[in-house]
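Read off the chains here:
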Amino acid sequence: MKKFSIAIIGATGVVGGMLIELLEQRRFPVERLHLLASERSSGQRFTFRGSYLRVQALEDFDFAGTDIAFFTAGSEISALYVPRATANGAIVVDNTSKYRLEPNIPLVVPEINAEQSKRGLQTRIIANPNCSTIQMVVALKPIHDEVGIKRINVSTYQSVSGAGARALEELAMQTANVLNAQTITPEIAPVQMAFNVIPQIGEFQENGFAEEEMKMVQETQKIFDDPNIEINPTCVRVPIFFGHSLALHVETHRKIEIANAKRLLTDAPGIELVDLNSDGGYPTPVTHATGQDAVFVGRVRELLSSVNGLNLWVVSDNSRKGAALNSLQIAEELVQHLH
């Protein structure tokens with residue numbers, strides 16, 4: 001099997017670190033692995049396949065000879081360095097929001113539109129969707145295929161790891177401060193994160209929705225290639241470290257029986273159904289999702305307010321399936337077409 005030269009931009013972050021682990025766990029055909037971050041992070045060491053690799057400064061890196069570059073360091077870094085990477089022959093899998101809504105750039109969740117990965121040979125950029133969008137569309141794909149989705153009302157309960165390593169540190173510090181009756185001064189989150197919930201993720205837009213909410217609307221329509229799906233989101237940050245949860249209320253074009261919905265969910269790739277009407281018979285971030293690849297679905301019920309529709313509870317590891325794993329699955333599809 002052909003092996004590839006790989007670069008990870010943002011290697012010292014939460015998603016970058018997980019990509020390093022997954023490249024090894026999934027035995028991706030790596031010939032050389034370049035770990036890149038800012039100048040202040042250069043020199044840090046990570047283990048990969050029994051050896052130590054040092055982080056290099058992105059500012060000084062020559063992308064010539066790099067086959068695939070994973071960008072996980074924020075949209076501003078992608079704006080600066082993705083053109084440099086593609087100009088030197090690399091194909092970029094971008095985990096930021098920079099290119100997701102570009103009409104000619106494929107936005108890929110392999111369980112849904114894996115065939116779009118091949119377009120990366122021409123576009124040289126493949127976008128990885130938002131973490132909450134990924135787990136939502138994976139859960140809804142079998143339902144959409146069967147009866148069509150008309151409208152999605154979604155409330156999210158998103159962990160602080162979605163905001164990066166510094167947000168994780170802030171939650172840990174604030175938790176300790178609360179328990180020790182110390183003063184809290186928020187730095188990453190707009191208000192106190194510990195023992196609180198925050199109904200804002202990203203900057204507010206002119207329509208009153210926050211940035212994360214509009215990502216879910218626009219990205220879902222693009223991934224499903226269906227601009228007529230109506231999506232009404234509220235995104236909330238909750239004080240847990242890993243794992244996003246979604247409460248989905250979905251109106252479908254045709255009625256679907258609960259037994260049929262559960263069968264479809266059980267058979268669909270990337271989904272694990274955990275749906276017992278008993279104490280603990282549902283997935284949670286701690287008991288099911290953290291460190292796992294699957295999107296977990298439970299609490300499957302008919303809508304009380306509509307003849308056609310379902311309620312679903314969806315949980316996934318946002319840093320894993322919502323970012324690093326989905327990016328790597330894109331690359332796994334891509335390398336089948338690289339010669």
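Here the structure is a predicted model, which is why all the values come from computation and not from measurement.

Take the packing of helix α1 (residues 14–25) against helix α10 (residues 320–335) next. Remark: α1 packs on α10, axes separated minimally by 9 Å, with the N-to-C direction vectors making an angle of 50°. By the angle between their directions, the pair α1 and α10 is classed as oblique. In terms of crossing hand, the pair formed by α1 and α10 is right-handed. Taking contact as the criterion, the partners of Val-15, Met-18, Leu-19, Leu-22, Leu-23 and Gln-25 in α1 are, on α10, Arg-320, Ala-323, Ala-324, Leu-325 and Leu-328. Class assignment of the residues belonging to the contact of α1 with α10 gives a composition of 9 nonpolar, 1 polar and 1 charged.

As a further point, take the packing of aromatic side chains. Both the distance between ring centres and the angle between the ring planes are used here to describe each pair of aromatic rings. Inspection of every chain in the model, using the stated rule, returns 3 aromatic pairs. Taking the centre distance of 4.9 Å and the plane angle of 90° together, the rings of Phe-61 and Phe-63 count as edge-to-face. When the ring of Tyr-157 is compared with that of Trp-313, the centres are 5.7 Å apart and the planes differ by 55°; the resulting orientation is tilted. Of this pair, Tyr-157 sits in strand β8 (residues 149–158) while Trp-313 is found in strand β13 (residues 309–316), placing the two residues 156 residues apart along the sequence. Its guanidinium or amino end placed over the ring of Tyr-52, Arg-45 lies 3.9 Å from that ring's centre, counting from NZ or CZ. Seen from the ring of Tyr-99, Lys-98 lies directly overhead, with NZ or CZ sitting 6.0 Å from the centre.

Okay, helix α8 (residues 258–267) next. Of all the residues in α8, the buried ones are Ile-258, Ala-261, Leu-264 and Leu-265. One face of α8 carries all of its buried residues, which in axial projection span an arc of 125°. Looking at α8, the residues exposed on the side facing more than 90 degrees away from the buried face are Ala-259 and Asp-267.

A cluster of nonpolar side chains, contributed by Val-178, Leu-179 and Phe-195, occupies part of the molecular surface with about 320 Å² of accessible area. Tracing the sequence through the fold places Leu-179 in helix α6 (residues 165–179).

Turning our eyes to something else, we now look at the state of the cysteines. Taken as a whole and assessed by the stated rule, the structure comprises 0 disulfides. Residue Cys-131 stays outside any disulfide, its sulfur separated by 9.0 Å from that of Cys-235, the closest cysteine. Residue classification places Cys-131 among the buried positions, given a relative accessible area of 13%. Among the residues examined, Cys-235 registers a relative accessible area of 0% and is labelled buried.

We now examine the sheet that holds strand β10 (residues 244–252). Working definition: the strands of a sheet are paired by backbone hydrogen bonds and lie parallel or antiparallel to each other. With mixed pairing, the 6 strands of this open sheet are ordered in space as β9-β8-β10-β13-β12-β11. Each of the sheet's edge strands pairs with one partner strand only, and the pair in question is β9 (230–237) and β11 (271–273). Direction aside, the axes of adjacent strands within the sheet are offset by 20° on average. Sheet analysis places β11 next to strand β12 (residues 295–302), joined by 3 bridges and oriented parallel. Note that in β12 the partner of Leu-273 across the bridge is Val-297. On the sheet, helix α5 (residues 131–147) packs against β8, β10, β11, β12 and β13 and is oriented at approximately 30° with respect to β10. Strand contacts of α8: β11, β12 and β13, with the helix running at about 175° to β12, the strand carrying the most contacts.

The next thing to look at is the pairing of β12. In the sheet, β12 pairs with β13 via 5 bridges, with the strands oriented antiparallel. Paired with Val-297 across the strands is Val-314, a residue of β13. The loop that links β12 with its antiparallel partner β13 comprises 6 residues.

A separate point is the sheet that holds strand β4 (residues 51–57). Strands sit in the order β3-β4-β2-β1-β5-β6-β7 across an open sheet of 7 strands; the sheet is mixed. Bordering the open sheet on either side are β3 (45–48) and β7 (125–127), each of which pairs with just one other strand. Sheet twist, expressed as the mean angle between neighbouring strand axes with direction ignored, is 25°. With 4 bridges joining them, strand β1 (residues 4–9) and strand β5 (residues 68–71) adopt parallel strand pairing. Considered in β5, the bridge of Ala-7 is made with Ala-69. Contacting β1, β5, β6 (91–94) and β7, α10 runs over the sheet at an angle of about 165° to β5.

Turning to the packing of α5 against helix α7 (residues 211–223), a few remarks are in order. Two quantities define a packed helix pair, namely the angle between the helix axes and the distance between the axes. Taken N-terminus to C-terminus, the directions of α5 and α7 make an angle of 45°; their axes are 9 Å apart at the nearest point. Regarding the angle of α5 to α7, the classification is oblique. Taken as a pair, α5 and α7 cross one another with a handedness that is right-handed. Facing α5, whose interface residues are Cys-131, Ser-132, Thr-133, Met-136 and Val-137, α7 presents Glu-212, Lys-215, Met-216, Glu-219, Thr-220 and Ile-223. For the contact of α5 with α7, the residue count by class is 5 nonpolar, 3 polar and 3 charged.

Cut-offs applied
- Residue numbers restart at each chain and count upward from 1, following the sequence in its written direction.
- With pLDDT at 70 or above as the cut-off, local features in this predicted model cover only qualifying residues; side-chain atom pairs require 80 or more to be listed or tallied, and sums for whole chains, interfaces and linings still use all residues.
- Calculation of side-chain values draws on the structure's entire complement of heavy atoms; hydrogens and water are dropped beforehand.
- Axes here mean lines fitted to C-alpha atoms, for a helix over just the part in contact, with angles spanning 0 to 180 degrees between N-to-C directions.
- A run of H or I in DSSP counts as a helix once it spans at least four residues, and a run of E counts as a strand once it spans at least two, with each numbered from the N terminus.
- An angle counts as roughly parallel when it lies under 35 degrees, as roughly antiparallel when it exceeds 145, as roughly perpendicular when it falls between 65 and 115, and as oblique in every other case.
- Crossings are assigned a handedness: left-handed for a near helix turned anticlockwise from the far helix by less than a right angle, right-handed for a clockwise turn.
- By the convention used here, residues are in contact when the closest approach between their heavy atoms is within 4.5 Å.
- In this count, Pro and Cys sit with the nonpolar residues alongside Ala, Val, Leu, Ile, Met, Phe, Trp and Tyr, while Asp, Glu, Lys and Arg are called charged and the others, Gly among them, polar.
- Under the pairing criterion, centres of Phe, Tyr and Trp rings, with the six-membered ring standing for Trp, must be within 6.5 Å; the plane angle then separates stacked pairs below 30 degrees from edge-to-face pairs above 60, leaving the rest tilted.
- In this scheme, the term charge over a ring applies when either NZ of a lysine or CZ of an arginine sits within 6 Å of the ring centre and within 35 degrees of the ring normal.
- We call a residue buried when its accessible area falls under 20% of the maximum for its residue type, exposed when it is over 50%, and partly exposed in between, using a 1.4 Å probe and counting protein chains only.
- This arc describes the spread of directions from the helix axis toward the C-beta atoms.
- Note that patches include only residues with greater than 30% relative accessible area and no salt bridge, and the join distances are 9 Å for like charges and 5 Å for nonpolar side chains (Val, Leu, Ile, Met, Phe, Trp, Tyr).
- Shrake-Rupley sampling with a 1.4 Å probe provides the accessible areas, and residues are treated as covered by the protein chains on show and by no other component.
- When a carboxyl oxygen of Asp or Glu lies within 4 Å of a side-chain nitrogen of Lys or Arg, that pair is called a salt bridge.
- Any two cysteine sulfur atoms within 2.5 Å of one another count as a disulfide.
- We call two strands paired when DSSP finds no fewer than two bridges between them.

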